[in-house]
Amino acid sequence: MHMVPTLNFAGNCREAIHMYAKAFEGKINCLISYRDANDPAWMPLLNEAQKDYVYHAELALGDQRIIMSDHVDIEFNVCYSNFLTIMYDTREQVQRAYEIMKEGSTTIYPMEATHYSSCRVVFVDRFGIRWGIMTEQTER
């Protein structure tokens, strides 16, 4: 069994997946639009612009993956109780990823050393997803 985080967006999934791929040095393994999927359950409900939204996408981060898509059937709100944590070996890796993602974000905990991490930052990105990026130890 594997747990695969799934992130939903309101029309900006394509922009988000490219930013996450860059920030975390990931690989986009799948990116299908509603138009390309041509799902008969969805196509009659979508306007022309929504047909180019992301129907299904997968981002590989090492040997793990995140599933992502755009949805038009629900209203999105920022959720502060759930978030994804990315663990790195070094402070420089944390700083690099955050530098790519910080534009338009809201900082919850600024980048700093803690009792359990040499570098940790927690923020909500411009897409409304909460992230924690940190080292797993205090030495580096």
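Structure's up top.
Heads up: these notes are all about the structure in this document. Fair warning: this is a prediction, and the values are worked out from it, not measured in the lab.

### A short note on the layout of surface pockets
Here the largest pocket defines a volume of roughly 580 Å³. Around the largest pocket, the lining is made up of 21 residues, and of these Leu61, Gly62, Gln64, Arg65 and Ile86 lie nearest the centre. Among the elements that make up the lining of the largest pocket, the one with the highest residue count is strand β5 (residues 84-88) (five residues). In terms of residue class, the lining of the largest pocket is built from twelve nonpolar, five polar and four charged.

### Regarding the packing of helix α1 (residues 13-23) against helix α3 (residues 91-101)
The contact between α1 and α3 brings their axes to 9 Å, and the two run at 160°. Here α1 is positioned roughly antiparallel relative to α3, judged by the angle of their axes. Between α1 and α3 lies a crossing of right-handed hand. On α3, the residues touching Met19, Tyr20, Lys22 and Ala23 of α1 are Arg96, Ala97, Ile100 and Met101. For the contact of α1 with α3, a count of residues per class yields six nonpolar, no polar and two charged.

### Considering the pairing of β5
Only one face of β5 is covered, namely the face carrying Leu84, Ile86 and Tyr88; the face carrying Thr85 and Met87 is uncovered. As paired elements, β5 and strand β8 (residues 130-135) share five bridges and run parallel to each other. Considered in β8, the bridge of Tyr88 is made with Thr135.

### Here we look at α1
Owing to its 3.6 residues per turn, the α-helix aligns residues three or four sequence positions apart on the same side. Inspection of α1 places Cys13, Ala16, Ile17, Met19, Tyr20, Ala21 and Ala23 among the buried residues, and these make up the whole buried set. Glu25 sits one or two residues past α1 and shows a positive phi near 50°.

Rules used throughout
Residues numbered from 1 in each chain as written. Predicted model: local features only at pLDDT ≥ 70, side-chain atom pairs only at ≥ 80, totals over all residues. Heavy atoms only, no water. 1 Å grid on protein atoms, 1.4 Å probe; cavity = no way out; pocket = protein on both sides within 12 Å on 5 of 7 lines; lining within 4 Å. Points joined across faces, edges and corners; volume = space filled by probe spheres on them. Helix = DSSP H or I, 4+ residues; strand = E, 2+ residues; numbered from the N terminus. Nonpolar A, V, L, I, M, F, W, Y, C, P; charged D, E, K, R; others polar. Axes fitted to C-alpha atoms, helices over the stretch in contact; angles between N-to-C directions. Parallel < 35°, antiparallel > 145°, perpendicular 65-115°, else oblique. Left-handed = near helix turned anticlockwise from the far one by under 90°. Contact = heavy atoms within 4.5 Å. Buried < 20%, exposed > 50% of the residue type's maximum accessible area, 1.4 Å probe, protein only. Pairing = 2+ DSSP bridges.

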